[in-house]
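One-letter residues, chain by chain:
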Amino acid sequence: MSGTYLGMPAFPEAAREAVADRTLRGNLRHATHTIRAKRAKAVTELSDWAELREAGKRIKDHTLRHLDRCLVRLEESVTAAGGVVHWAADAAEANEIVTELVKATGESEVVKVKSMATQEIGLNEALEAAGIRAYETDLAELIVQLGKDRPSHILVPAIHRNRGEIRDIFRSEMGEWGRPAPEGLTDTPAALAEAARLHLREKFLRAKVGISGANFMVAETGTMVVVESEGNGRMCLTLPETLISVVGIEKIVPTWRDLEVFLQTLPRSSTAERMNPYTSTWTGTTDQDGPGTFHLVLLDNGRSDTLADEVGRQALRCIRCSACLNVCPVYERAGGHAYGSVYPGPIGAILSPQLRGTGSEIDASLPYASSLCGACYEVCPVAIDIPEVLVHLRERVVQGGEATRAGNKVVLRPAKGHAAERAAMRAARWAFTHPGALRTGQRAASRTRRFHPRTLPGPGRAWSGSRDLPPVPAEPFRDWWQRTRGQKGGDR
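Every residue gets a number counted from 1 within its own chain, in the order that chain's sequence is written. Since the coordinates come from a predicted model, pLDDT governs what is reported: local features require at least 70, and pairs of side-chain atoms require 80 or more to be given and counted, while whole-chain, interface and lining totals use all residues. Derived side-chain values reflect all non-hydrogen atoms in the structure, with water molecules and hydrogen atoms excluded from consideration.

As annotated in an unreviewed UniProt entry, the protein carries the name LutB/LldF family L-lactate oxidation iron-sulfur protein and is attributed to Streptomyces venetus.

Right, dumping it as structure tokens:
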């Protein structure tokens, strides 16, 4: 990835500051509770939801196992349909490709469909550095852009803002980006939506270049698929003369038939709708219909390394529905900015450290940004076992630190931190492999139990500040067993 947000601290510090913001907590609580309640109702309408979930998981796993062949077929299909395919190994290469493509058109502005991939690589900033202005057209992304803010949710990037804050942003900032907000703008949803519509209309009609991502790519036909709720995406995909789509290589599915599953599970898991209001598909170029030039930029940016991890690769199943964020007690209180990534919440806690590595303080902290309650796994429409991957990544942070790829295997480099934890684990391993020493230690602990503290000293207070240490029993289990059952060999 392109790196963490500049100046972001590790998750515990960022979360501590966010939790102290009562307005933020209120906005998050209201939004997440509303969305997840609607989702739960929408899902129960389908009697075969469990089967759809399993089918989505299997389709994604099959695709990931044969990703190389699927991508080659996709390139052939896109090329045959009149498109041009570019391969980007990392964020820098993707930004360079897109920037040069826009420059070749002679244009200095572009309109954008909401895209996590372009946020991941920092495309807007790269275009700005080249003198090209990118206009976000999704309502929530527009709010974030006008407010000089950062997205905090996968589906609703401005979830941390309330209506009053949005009204103030529109009043003060719209004029600098184009058509100003109407006089006397109120904070009613209809008024805010109308202000955004008027502001964006002139950009849709003027722009010659559009930039998008894609929810899915169909290898069979070379078709790109975008699902959205506002219609801005369709405007960006049809009106410009040139369309550039930046898509992660994991967004591919082999056939059109595979879409049947995801077009049922994605809208219900994200917006709690039976189907998306707008489902746009395009295959290459067509005379007199849509853009005359189409470029597809296939983005790796750490995905190949993630694919090499047999446990962590399941994160690449993600269809960006955001259901896991809306049920996560940690996200609900800390918000998305604390994760220091465009991918917040539970999925971000397992995806960002794999795409970026765990070398930075914030990426090393993300696998710990969870209570491991399992709610995220229960709602995931492609059955990503997020708690399993979190524990797996915690092991990586503690034992190996940074993961690098060597052939078809993931190799762990020595970690810089967590020396005390590693030492404790080595001591425990030695004790459990020396039964006599273990029994002696247990007896000593039982005989001195009255002197044991109820909380941990030093840094351990963060753990024991809200819970007591479990009391040491008056008698070790082995001694009790030998006394009550008359067995010998208690050291075995």
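Moving on from the model shown.
Trainee: What exactly am I supposed to notice about the UniProt feature "domain: LUD" (unreviewed entry) in the protein here?
Mentor: UniProt positions are given in the numbering used here, feature names are shortened, and annotations may be inferred rather than shown by experiment. The UniProt entry lists residues 73-298 under the feature "domain: LUD" (unreviewed entry), expressed in the numbering used here. Under the DSSP-based scheme used, a helix requires at least four consecutive residues in state H or I and a strand at least two consecutive residues in state E, with every element numbered from the N terminus. Its end C-alpha atoms 13 Å apart, residues 73-298 is made of 44% helix and 21% strand.

Trainee: How should I be thinking about the sheet that holds strand S8 (residues 252-253) in this particular structure?
Mentor: Within a beta sheet, neighbouring strands are joined by backbone hydrogen bonds and run either parallel or antiparallel to one another. Reading across the sheet, the four strands line up as S8-S5-S6-S9 and stay open at both edges, with mixed pairing between neighbours. At either margin of the open sheet sits one strand with a lone partner, and together these are S8 and strand S9 (278-283). Relative to strand S6 (residues 223-228), strand S5 (residues 216-218) runs antiparallel, the two being bridged by three bridges. In the strand pairing of S6, Phe 216 is matched with Val 225. Each of S5, S6, S8 and S9 touches helix H12 (residues 256-270); the most contacted strand, S5, lies at about 165° to it. Should DSSP find at least two bridges between two strands, the strands are taken to pair. In this analysis, two residues are considered to be in contact whenever any of their non-hydrogen atoms come within 4.5 Å of each other. In this analysis, axes come from line fits to C-alpha atoms, helices being fitted only over the stretch in contact, and the angle between any two N-to-C directions falls in the range 0 to 180 degrees.

Trainee: What is the right way to look at the pattern of salt bridges in this model?
Mentor: When the charged atoms of two side chains lie near each other, side chains of opposite charge can form a pair. Whenever a carboxyl oxygen of Asp or Glu lies within 4 Å of a side-chain nitrogen of Lys or Arg, that contact is scored as a salt bridge. Taken as a whole, this structure holds 22 salt bridges when the rule is applied. The residue Glu 136 makes a salt bridge to Lys 112 at a minimum N-O spacing of 2.7 Å. One end of the pair, Glu 136, is in strand S3 (residues 133-136); the other, Lys 112, is in strand S2 (residues 109-112), with 24 residues separating them in the sequence. A residue is classified by how much of its surface remains accessible, and Lys 112, at 1% relative accessible area, is buried. The salt bridge involving Arg 303 is made with Glu 250; its shortest N-O contact spans 2.6 Å. In this pair, Arg 303 sits in helix H13 (residues 303-307) while Glu 250 sits in the loop between strand S7 (242-248) and S8, placing the two residues 53 residues apart along the sequence. The pair formed by Arg 303 and Glu 250 is uniform in burial state, with each residue classed as buried. Salt bridges sharing partners connect three or more residues here, namely Glu 120, Glu 250, Arg 303 and Arg 320. Three exposure classes are used, based on accessible area relative to the maximum for each residue type with a 1.4 Å probe and protein chains only: buried under 20%, partly exposed in between, and exposed over 50%.

Trainee: Sorry if this is basic, but what is going on with the packing of aromatic side chains here?
Mentor: To describe a pair of aromatic rings, one takes the distance between the centres and the angle between the planes. When the centres of two rings from Phe, Tyr and Trp lie within 6.5 Å, Trp using its six-membered ring, the rings pair. Their planes under 30 degrees apart give stacked, over 60 give edge-to-face, and anything left gives tilted. Within this structure, the stated rule accounts for eight aromatic pairs. With a centroid separation of 6.1 Å and 75° between ring planes, the pair formed by Tyr 135 and Trp 177 is classed as edge-to-face. Taken together, the residues Tyr 135 in strand S3 and Trp 177 in helix H9 (residues 163-177) connect sequence positions 42 residues apart. Per residue, the accessibility class of Tyr 135 equals that of Trp 177, and both read buried. Taking the centre distance of 6.2 Å and the plane angle of 90° together, the rings of Trp 282 and Phe 294 count as edge-to-face. Taken together, the residues Trp 282 in strand S9 and Phe 294 in strand S10 (residues 293-299) connect sequence positions twelve residues apart. Phe 294 shares its class with Trp 282; the two are buried.

Trainee: Looking at this structure, I do not really get a nonpolar patch on the surface. What am I missing?
Mentor: Two distance rules govern patches: like charges are joined within 9 Å, and nonpolar side chains (Val, Leu, Ile, Met, Phe, Trp, Tyr) within 5 Å, applied only to residues with over 30% relative accessible area and no salt bridge. Each accessible area is a Shrake-Rupley result for a 1.4 Å probe, and residues are judged covered by the shown protein chains and nothing else. Among the surface-exposed residues, Phe 477, Trp 480 and Trp 481 lie close enough to one another that they form a single nonpolar patch of about 330 Å² accessible area. Within the secondary structure, Phe 477 is located in helix H23 (residues 477-485). Phe 477 gets classed as exposed once you look at its relative accessible area, which sits at 56%.

Trainee: Explanation requested: the packing of helix H8 (residues 139-146) against H9 in the structure shown.
Mentor: Each pair of packed helices can be summarised by the angle the axes make with each other and by the distance between the axes. Two elements in contact, H8 and H9, have axes separated by 9 Å at closest approach and are oriented at 75°. With respect to each other, H8 and H9 are oriented roughly perpendicular. Contact with H8, carried on its side by Leu 139, Leu 142, Ile 143, Gln 145 and Leu 146, involves Ile 166, Ile 169, Phe 170, Glu 173, Met 174 and Trp 177 of H9 and no other residues of that element. Of the residues assigned to the contact of H8 with H9, the class counts are nine nonpolar, one polar and one charged. Oblique is the label for any angle not under 35 degrees, not over 145, and not in the 65 to 115 range, which are roughly parallel, roughly antiparallel and roughly perpendicular in turn. We call Asp, Glu, Lys and Arg charged. Ala, Val, Leu, Ile, Met, Phe, Trp, Tyr, Cys and Pro are nonpolar, and the rest, Gly among them, are polar.

Trainee: What am I meant to see in the environment of Leu 28 here?
Mentor: Turning to its location among the elements, Leu 28 is positioned in helix H2 (residues 22-44). The class of Leu 28 is buried, set by a relative accessible area of 0%. C-alpha separation for the pair Leu 28 and Ala 334, spaced 306 residues apart in sequence, amounts to 8.8 Å. When near neighbours in sequence (up to four residues on either side) are disregarded, Leu 28 contacts Ile 159, Tyr 331, Glu 332, Ala 334 and Gly 335.

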